[in-house]
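Understanding the architecture of this molecule
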Amino acid sequence: MMLAAAMAVPAFIRSYRGAKLRTSARAVVMSHRYARGTAVLKQVQVAVLYDAQKNTIEIVSVADESAARDHEKVSEERAQQAEALAQAAPGEETKPAAPAGGVLSEMNRALADGVRIASFESEKVEQEKDGIYWVNYYRNGMCDPYVIELQDEYRKSATVTVDPLSGKAKVEYD
């Protein structure tokens with residue numbers, strides 16, 4: 001029995017280590033699917049915001065056309081809120097700024113502990129501001145193409161590649 005336990009424990013530990021990375025990769029894929037579905041079903045433009053500093057994923061929908069044309073405004077507001085919270089004195093309460101007209105936060109989720117956003121690539125260079133990356137999802141079900149790489153504390157990585165036309169998200173683990 002001791003021999004079987006000695007062989008099983010290392011395998012269990014390796015499996016547990018990879019679970020956080022797999023969970024975070026699934027969260028990215030789930031966020032992609034949720035944003036795409038929300039954009040089509042509600043017929044609104046949606047953006048997924050990946051915050052590399054906080055390691056969070058936020059999905060926002062944009063109800064009016066003027067705000068839909070300028071997702072940088074949404075990103076700047078999130079960056080300003082983060083900066084205000086970081087500059088607040090310990091114990092001092094800060095109230096986050098109200099979102100721009102027509103911008104509604106649909107979902108906010110943190111990646112698993114120890115997992116971080118290692119890189120983000122998109123054909124659109126302007127989709128990054130102060131460590132916040134965003135992807136636009138359109139009413140017709142399409143999105144901007146992107147690749148996001150997640151890395152855990154053991155230097156293992158997962159790369160999620162999203163196809164803008166088919167909506168398929170492919171995950172590769174290293």
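Refer to the structure above for everything that follows.
One structure accompanies this document, and this report is about it. What you see as residue numbers is a count from 1 along each chain, following the sequence as written. The predicted origin of the model limits local features to residues at a pLDDT of at least 70 and limits the giving and counting of side-chain atom pairs to 80 or more, whereas totals for whole chains, interfaces and linings rest on all residues. Heavy atoms from the whole structure form the basis of all side-chain values; hydrogens and water molecules are not counted.

1. Considerations on the pattern of salt bridges
One speaks of a salt bridge when a side-chain nitrogen belonging to Lys or Arg is within 4 Å of a carboxyl oxygen belonging to Asp or Glu. If you walk through the whole model with that rule in mind, you get two salt bridges. One salt bridge in this structure joins Glu106 and Lys42, with 3.3 Å as the shortest N-O distance. Taken together, the residues span a long stretch of sequence, with Glu106 in strand S3 (residues 103-110) and Lys42 in helix H1 (residues 2-42) at a distance of 64 residues. Only protein chains enter the calculation, and the probe is 1.4 Å; a residue is then buried if its accessible area is under 20% of its type maximum, exposed if over 50%, and partly exposed in between. Judged by relative accessible area, which is 49%, Lys42 ranks as partly exposed. Helix and strand definitions here come from DSSP, where helices need a minimum of 4 consecutive H or I residues and strands a minimum of 2 consecutive E residues; each element is numbered from the N-terminal end.

2. Quick notes on unusual backbone geometry
We note that Gln43 has phi near 55°; this positive angle belongs to a residue other than glycine. Relative to the helices and strands, Gln43 is located in the loop between H1 and strand S1 (45-51). Residue class for Gln43 comes out partly exposed when judged on its relative accessible area of 44%. The phi angle at Asn55 is positive, at roughly 55°, despite the residue not being glycine. Looking at the secondary structure, you find Asn55 in the loop between S1 and strand S2 (56-62).

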